[in-house]
Structure formats: C-alpha cells, structure tokens
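Architecture and fold: a report
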Amino acid sequence: MAPTPLTPKVLLVALAFLFFFLTPAHAKPSYGGSIVLTSTSDPKSFNDITAKETSTREVTSHIFEGLTTMNAVTLQVEPALAERWEVSEDGHTWTFYLRPGVKWNDGEPFTADDVVFTFNDLIYNDDIASSSRDIFTIEDKTFKVEKVDDLTVRFTLPVKFAPFLRAMSQAILPKHKLAKAVAEKKFNFTWGLDTPPSEIVGTGAFKLSSYRPGERFVLVRNPLYWKRSKEGDALPYLDRIVYLIVQNLDTAMLKFLDGEVDYIGLRGMEYPLIKPNERKGNFTVYDAGPDFGSSFVVFNQNTGVNPKTQKPFVDPVKSKWFLDINFRRAVAHAIDKNKMMEILMNGFGYPQDSDMSKSAGVFYNPNVEKYDYDLLKAKKILADAGYIDRNGDGWIEDPEEHTVEFNFSTNSGNNERVQIASIIRHDLQSLGMKVNFLSLEFNTLVTKLNSTFDWDAIVLGLTGGIEPHFGKNVWHSTGGLHMWYPMQKTPATDWEKRIDEIFIQGVQELDENKRKVLYDEFQVIVSQQLPLIYTVLNSDLYAIRNRFGNLKPTSYAGPFHNMEEIYINK
Amino acid sequence: MLRYILRRLLTILPILLVMSLLTFILMQKTSGSFYDTLKLNPQISPETIERYIKLYQLDKPLLVQYFSWLTNLFHFEFGYSFFYNIPVADVIGGRLWNTFVLSLASLILTWGVAIPLGIYAALHRNKITDRLIQFTSYIALASPTFFVAMLLLYFASQSGILPLGGMHSANYDGMNIIEKFFDVLRHVAIPATALSISSIGALQRIMRGNMLEVLGQQYILTARAKGLPENRVIYSHALRNAINPLVTILGYEFAGLLSGAALLEIICSWPGLGALMLTAVQSKDIYLVMASFLLSGFLLIIGNLLADVLLARLDPRIRYEK
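1. Some remarks on the overall build of chain A
When you go through chain A residue by residue, the secondary structure sums to 18 helices and 23 strands. Taking 570 residues into account, the globule formula puts the C-alpha radius of gyration at 25 Å, and chain A, at 27 Å, falls close to it. Over its C-alpha atoms, taken along the principal directions, chain A stretches across nearly 90 × 80 × 50 Å. Looking at chain A as a whole, 54% of its 570 residues are labelled buried. A sequence separation of at least 24 residues applies to 66% of the contacts in chain A between residues at least 6 apart.

What follows is the structure in structure tokens.
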C-alpha cells in the first residue's frame with residue numbers, strides 16, 4: 001500500500017485524533033470516591049465557636065459555612081450563605097439577604113434566626129469564651145444583629161469597619177440544635193469530641209460520619225448541600241474525606257509514599273526525598289508560594305518600670321542600644337537570609353521584608369526598605385553610631401564603655417527558629433556583639449513577653465493573614481502583642497503614633513484603594529524603624545496524588561480549600 | 001495474708017492524696033499556663049483570655065481550686081480538660097484501653113520470648129548458640145525503641161505485609177469478633193515488637209544469670225546425685241527458684257503498663273495515652289495531667305502489691321505476718 005499523502009484533510013483527522021487523546025479524560029467531573037488526608041493531631045472539639053486552634057478548624061471548615069466566603073484564588077469575598085448584601089451610605093448598616101432553600105444537614109431549614117442566634121446568643125454571650133467575639137467587637141462596642149424577615153438579617157455597626165465582609169465568613173451554627181445548651185449555660189462544654197457525629201449539624205458540603213480518637217475521622221457527602229457547580233452538578237463530588245491522625249511526620253511521609261494517603265504538606269528539607277518519586281507514586285509537588293505569617297527578631301524597647309520592684313524592666317544600658325535605630329539597622333544588615341533559606345529550607349523559602357506576606361495579595365507592599373546582608377556595612381553603621389571595640393578585647397563597646405552584651409532567646413520546641421537564631425547569633429558575634437543564646441520553653445517565653453518583660457532579644461514568629469487590621473494587637477501601641485513595648489498608655493515614639501493613626505483610619509476606610517495607601521505606608525514605616533527585623537518564610541509545598549481534578553492549591557487556604565469542587569478523574 | 005493486703009490497700013489513699021496535691025502545685029506554680037498560645041494570637045484579646053480563666057476557675061486561690069477538684073473526685077468526676085472542653089474521663093477513656101492493649105501485647109511478647117531464651121542460653125552456656133544469643137541481646141539492648149520502630153515501619157512499607165501504624169483498619173466496625181481480633185493483632189505487631197526488643201535483651205540476660213546461679217547451688221547437685229531426671233531437676237527445682245527475682249520486675253512492669261510508650265505511640269500513630277499526656281503536660285491541661293498521674297500512681301502501688309503477694313506465694317522464705 002502506498003503511503004497516504006499528507007493532505008490537509010489527513011492532517012486534520014490526525015490532529016483531531018491527537019486532540020482526542022491529549023484532552024484529559026477528566027473533562028467532565030464525576031461523582032464518588034474518597035480522599036485520604038493526614039492530620040498531625042486530633043481535633044479538640046467540634047464546636048467552632050469555642051475552638052481555640054487549627055486542628056479543630058480543619059474538621060469544622062468542612063461542616064460549617066459563613067454568610068460570605070473568601071475565594072482563595074482571587075482573594076475576593078464571595079457570597080456563601082448570603083446571596084447578596086447591601087451597605088448603607090454611612091457604612092454602618094449592612095443588610096444580608098440569605099440564600100433561600102438552604103437546609104441544615106438534618107433537614108431543618110436555615111433561616112435568619114440561626115444568624116441572629118450565632119451572634120447574639122453565642123458570640124456576644126458573656127458566659128461563652130470565644131475568640132470570635134474579638135473580631136466582632138470594635139472599641140468595646142458590639143454589633144447590633146437583627147432579623148428583618150426569615151431570609152434577611154441586618155447588622156448595625158458602631159463605626160465603619162472595613163474588614164467586615166471578610167469577617168462575615170464566621171461559621172453560622174444551628175439554633176434548633178444548640179438553643180437548649182445555651183439556655184442551660186452548657187454551651188462551653190457542648191459539641192465536644194464525645195458528641196455522636198449525627199448531632200453535629202452544619203450547612204457545609206460534608207458532614208461528620210465517624211470519629212475514632214487518635215486514629216481517624218471521616219466526613220461524608222452532605223446530600224442536602226445547596227451549591228451547584230458551573231455545569232449545574234449538585235456538589236460535592238467526593239463521597240468521603242478520611243483524615244488519618246498521624247503525629248509523626250516521617251510516618252506520614254511513609255504512608256504517602258506507600259499510597260495510603262493522597263496528600264502531604266512538605267517543607268523544603270523533605271523535597272529531595274519526595275520529588276524523585278513523583279512519577280512512580282503518581283503525584284505532583286506544587287509550590288504555592290510563601291507561607292502566611294512572619295518570622296522575625298525583636299529587641300525589647302520597653303522603657304517601663306516594674307511597679308513591684310521599682311526597677312526598669314530592661315537594664316537602661318541595654319535599653320539605650322535597643323532604642324537606637326542605628327543599632328537595629330546594623331542588625332538588619334547582619335541577617336543572612338540566603339544562608340537561612342539554603343540551610344533550613346533547601347532553597348524553598350522567601351526572604352521576608354514586610355509584615356504582610358507576598359501571598360497576601362492586594363495589601364502586600366513590595367516597595368519597602370530592604371536590608372541586604374552586608375557585615376561591612378553593618379560594622380560601619382555601628383562604628384558611626386559609636387559602637388566600636390575600645391579596649392581591644394574583640395567585643396564592641398558603646399560610647400559609655402559598656403560592652404554590647406545581651407541575651408538572645410527563642411522557644412526550644414521550634415527547631416527551625418533555634419537554627420535561625422544560631423545563624424543570626426553567629427553573624428552578630430562577628431560584628432563584635434557578645435550574644436548569649438538561651439533556648440527557652442514556649443510557656444516561659446510567653447510569660448516574659450507578656451507579663452515580666454525581662455528579655456533582651458527574641459526570635460519569634462506570628463500567624464498572619466490577608467487582612468492587615470487583624471494584626472492590630474501587634475501594631476497598635478496599646479496592643480498586648482506590641483512586643484517591643486506592649487500596652488503603652490500613649491505612643492512612645494512618633495512613628496508608633498503614626499502607625500496607631502493608620503490602624504484607626506484603615507479600619508474605617510471602606511474604599512479598598514485608599515486603604516491600600518494607608519497600609520502601604522504602615523509597611524514602609526515598619527521597614528524603616530525595624531521594631532521587628534524580619535527573616536525568612538517557608539514555601540508552602542504540597543505533594544498531591546494525580547487522581548484529582550479541579551485542584552487549585554493556594555498558600556492562603558491550602559490545597560483543598562475548594563474541596564466541594566474536587567473530584568476523582570475516572 | 002488478707003490482713004496484709006487490706007493494710008496495704010488502705011495506704012493507697014493518703015499516698016494518692018499527697019501525690020495529687022504535689023502534682024497540682026507543680027502544674028500551677030511552674031511558669032506558663034494553657035492560655036499562653038492564645039496570648040500569642042493577634043486576634044485574641046485579653047478580655048477573651050480573662051473569660052477562659054474565669055470559665056476554668058483559674059482565678060480562684062490555689063487551695064480552693066484543689067479542694068473543689070477533690071470534692072468532685074469523690075463523685076468520680078475528674079474535672080474538665082481545658083483543651084477538649086469535655087470531662088477528663090471522656091478524653092482518657094478509650095485511649096486507656098488502647099495503651100493497655102499495646103503494653104499487654106508487648107509484655108506477653110517480652111516474657112514469652114525472654115524467659116525460654118534465657119533458660120536455653122543458661123543450659124547451653126558458652127556454646128555457640130549461647131554466644132549468638134548474648135551478642136544479639138547486646139545489640140537489642142543498645143537499639144533505641146523509636147529507631148527500631150522506624151526500621152520496622154520502613155520494612156512494612158516495602159513489603160506491604162503489615163499496616164503502617166494505627167490500631168484499626170478502616171472497615172473495622174464491619175468485622176466480626178475474630179476478624180477484629182486479628183485486625184488489632186496485625187496492627188499491634190510492629191509497635192509491640194519495637195517496644196519489646198530491648199526488654200527481651202535485658203530480661204533474657206537476667207534470666208540466664210539467675211538460672212546459672214541456681215544451677216550451681218548444692219541442692220541441684222543433690223537432686224542430680226539422687227538420680228532425678230534432668231528435666232525435673234531443671235524445671236521443677238532450678239526454674240522455680242531462678243524465676244523469683246523476676247516476679248518483682250513484673251510488678252514494676254505492671255506499673256509501666258500505661259506510661260512506657262509515649263514516643264513509640266507517636267511514631268506508630270497508636271491512639272494511646274502517651275501522646276495525649278505529653279501534649280497535656282506541655283500545654284498545662286492541669287486536670288488531664290492530674291488524672292493520668294493518679295492513674296499511673298495507682299497502678300504502681302497495685303503493681304508492687306501484686307509482686308509482693310506473688311513472691312510470698314512462690315518463695316516459702318517470705319512471710320509478711322506470723
């Protein structure tokens with residue numbers, strides 16, 4: 001047979017064939033199947049209001065929803081239990097129109113009563129200890145929450161509150177299940193781990209099916225879930241989410257490589273162990289960008305006096321150095337971020353220059369003052385400010401002849417921080433500072449930061465997010481986490497005063513662009529004044545089995561924020 | 001004998017009372033508290049932390065807190081866990097059993113292997129098999145439990161014979177009783193082996209030493225001289241005497257049933273008490289810690305008592321009263 005000539009028609013057929021095979025077979029999502037994940041610890045309860053930490057939210061985020069939700073890809077607020085909303089001219093009154101037809105997973109209808117109950121009877125209840133209350137309290141004033149009709153709720157705010165829509169992702173809990181516990185003042189101890197799974201009622205895409213302490217919890221598809229996909233499919237696609245509780249990371253990794261588990265979060269150090277198995281294990285490693293949160297060195301700038309002993313919290317000699325901006329600038333030039341990323345993160349890290357993470361989207365300001373690693377420059381700054389070795393003993397002295405010597409701590413449980421501290425210490429020593437490293441127990445460290453204030457310098461990290469206002473406790477000079485000088489009556493410096501102003505203005509500015517200008521300025525001030533001297537952030541690396549469709553991993557919300565849309569390729 | 005046991009049981013109460021008071025003071029007076037992590041959360045205000053403190057009555061004087069806990073204890077209420085917001089007994093409940101299963105499996109394995117091995121080694125003293133056993137015992141003694149566990153897990157992952165940690169298969173609830181037993185057995189194999197390896201080494205050496213000592217005694221010579229069959233000499237005369245000191249060890253092992261395996265439980269994802277207690281101590285979940293300490297203390301006392309009673313039965317020289 002003669003070879004077929006390469007006519008356009010043949011080419012077209014060939015191309016069509018090629019397309020047919022190249023188009024992924026998972027073009028149309030299908031139902032069914034399970035995803036198996038690991039969790040490093042048990043949830044502490046199923047009660048989203050009293051929950052104090054993340055391992056609880058890992059479960060409850062699948063079961064409960066708020067009026068709004070954050071699109072983890074675009075970082076924009078989107079409707080969830082509320083279909084739409086309006087805000088009054090003055091920005092004080094918000095009206096939410098609830099989505100009709102939404103049902104709790106036990107079949108009861110979801111109404112405005114549930115929203116009012118969640119706020120007035122749970123969050124604002126004086127007998128209930130909940131961190132949610134802090135988000136919905138401005139200057140000691142709470143919001144007024146009223147039912148207009150069955151599907152309309154009105155919030156009246158004491159002041160304008162820019163993060164309001166984001167905060168409204170607050171989970172709504174069912175009144176019909178919990179009203180009794182609240183009336184009997186038992187809510188604090190309700191929905192603990194001993195509750196039968198069927199009692200935990202939410203509106204989310206999944207519901208709790210079983211929990212075996214220390215081993216696993218299983219969530220199953222909520223057939224009553226309201227959300228549809230773009231194609232009109234009733235969500236979610238998956239039948240089951242299984243969380244195995246595996247405390248040891250090495251064991252979790254073995255389970256992942258073995259195929260028992262579908263996902264594992266990695267740090268840079270583990271990358272070379274996992275990456276080569278990608279093809280064999282049929283998975284992909286995603287790099288979602290820098291972690292949220294911060295990692296920094298902080299010097300104690302507290303000039304207060306201990307009321308009990310009438311002595312200053314910090315030795316006045318040391319205080320003088322720590323308050324000296326040149327001293328802090330020199331330290332900033334001695335932070336070897338490249339070395340930290342290389343040694344601790346295998347190169348999978350990001351230098352941190354600003355309080356907002358690069359992943360934070362709109363509020364991240366890349367144009368802040370940056371400090372390159374340059375020991376000569378650091379030495380020169382110190383020498384110009386009068387810190388030189390005056391007696392030839394190898395350590396530098398300040399103009400009053402005091403050797404620059406201070407304690408440098410971090411919490412012993414966090415290996416990475418201990419290593420960061422030791423790298424910094426090494427560089428500070430070569431600047432001639434006598435740095436005594438103390439690794440402290442976490443609780444001791446917190447006590448020092450919070451109540452005794454007897455510390456010199458600390459390496460620490462905080463959690464962060466995309467809403468700058470939620471860092472107010474750190475940045476406002478009255479804040480308890482304003483670590484370098486907490487709970488000031490009046491701002492000690494002009495720049496702290498300006499930051500106070502920015503945070504007060506920023507929270508009342510509803511125009512996002514104007515807000516950005518304010519928070520950009522705040523980030524620049526911080527980078528110039530260096531109350532916190534930033535170090536490095538980890539990359540979020542996710543290794544995920546290839547059998548899933550619709551994956552959109554992000555640093556903000558992890559690999560499975562859109563769990564309801566994820567399906568298994570058939 | 002009965003009176004002796006009763007007397008010993010009566011002393012338990014004051015011991016536990018003092019123990020609980022000491023634990024309570026230690027937990028309260030050392031620096032830090034369970035809400036320290038909350039304090040470092042930018043989104044949690046001091047007022048909220050105040051509320052938590054009030055909720056758990058941590059604002060009351062120390063002794064008031066202790067006595068209110070103690071009164072509840074007489075109603076068999078062990079207080080609430082700060083972290084789980086449910087009664088301590090509910091948190092500990094199932095995990096207690098799981099740890100017990102693991103410890104028991106390892107206890108049976110250790111004694112079941114070490115005793116015969118020790119006897120065999122003693123009877124074949126300085127032969128090549130004995131040397132081999134002693135050599136392996138040294139290695140076993142020197143290998144850290146967590147390392148052995150990691151190796152075994154790696155082996156399991158490569159061979160696919162045994163499950164990688166955990167205690168039950170996913171379909172456990174649908175099994176019948178025999179399948180359930182074998183399912184747990186398969187899961188317990190790795191942690192129990194890891195836990196036993198170094199104790200087998202140690203116990204085997206003790207058994208061998210005791211046996212050799214007894215075999216050198218004159219009454220063994222007498223027994224042999226009067227023509228008793230070797231089997232009877234060894235098993236009814238020598239063994240009975242050689243095993244006495246081990247009974248004391250068994251008593252202590254009983255006390256360690258609930259506490260010996262925290263690290264291993266973490267590595268093998270065994271849903272036991274160990275990991276729970278470790279985090280409870282670190283995070284200062286006071287009443288959870290107190291409950292577990294009381295439990296361990298109780299078991300230690302009971303274990304010792306058990307050893308003493310057993311010893312009296314086994315060794316005619318020991319009498320506790322006239």
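2. Considering a negative patch on the surface
Among the surface-exposed residues, A:Glu139, A:Asp140, B:Glu47, B:Glu50 and B:Asp59 lie close enough to one another that they form a single negatively charged patch. The residue B:Glu50 is located in helix 3 (residues 46–55) in this model. According to the relative accessible area criterion, B:Glu50 is partly exposed, its value standing at 49%.

3. Things to note about the interface of chain B and chain A
Residue-level contacts link 48 residues of chain B with 48 residues of chain A. Roughly 4300 Å² is buried in total at the junction of chain B and chain A, and carbon and sulfur atoms are behind 56% of that figure. Per-residue buried area on chain B facing chain A is highest for B:Leu40, B:Pro42 and B:Arg51; these three make up 17% of the total on that side. Counting across the interface, chain B meets chain A through 3 salt bridges. Between A:Asp42 and B:Arg95 there is a salt bridge, with its nearest N and O atoms 2.8 Å apart. At the surface where chain B touches chain A, the tally comes to 10 residue pairs in polar contact (both at pLDDT 80 or more). Broken down by secondary-structure element, the contributors of at least two residues to the side of chain B that touches chain A are helix 2 (36–39), helix 3, helix 5 (88–123), helix 7 (145–159), helix 12 (262–267) and helix 13 (273–282) of chain B.

4. Some details on helix 13 of chain B
Buried residues of helix 13 of chain B: B:Leu273, B:Gly274, B:Ala275, B:Leu276, B:Met277 and B:Ala280, and no others. Directly beyond the C-terminal end of helix 13 of chain B, a positive phi value near 60° is found at B:Lys284.

5. Topic: the pattern of salt bridges
Residue and element names in this part refer to chain A. Going through the model one piece at a time under the given rule, you end up with 34 salt bridges over all chains. Arg-57 is the partner of Asp-48 in a salt bridge, and the nearest nitrogen-oxygen pair spans 3.2 Å. The class for Asp-48 is buried, based on a relative accessible area of 7%. Taking the shortest distance from any N to any O, the salt bridge between Lys-275 and Glu-278 comes out at 3.1 Å. A relative accessible area of 17% places Glu-278 in the buried class. Via salt bridges that share partners, Arg-166, Glu-467, Glu-512 and Arg-515 belong to a single interconnected network.

What counts as what
Residues numbered from 1 in each chain as written. Chains lettered and ligands numbered in written order. Predicted model: local features only at pLDDT ≥ 70, side-chain atom pairs only at ≥ 80, totals over all residues. Heavy atoms only, no water. Helix = DSSP H or I, 4+ residues; strand = E, 2+ residues; numbered from the N terminus. Rg over C-alpha atoms; globule rule 2.2 N^0.38 Å. Buried < 20%, exposed > 50% of the residue type's maximum accessible area, 1.4 Å probe, protein only. Contact = heavy atoms within 4.5 Å. Patch = residues over 30% accessible without salt bridge, like charges linked within 9 Å, V, L, I, M, F, W, Y side chains within 5 Å. Areas by Shrake-Rupley, 256 points an atom, 1.4 Å probe, with all protein chains shown as cover. Salt bridge = Lys/Arg side-chain N within 4 Å of Asp/Glu carboxyl O. Lys, Arg positive; Asp, Glu negative; His and termini not counted. Charge placed at Lys NZ, Arg CZ, Asp CG, Glu CD. Buried area = accessible area lost by both parts, 1.4 Å probe. Polar contact = N/O pair within 3.5 Å; in protein donor to acceptor, adjacent residues only side chain to side chain.

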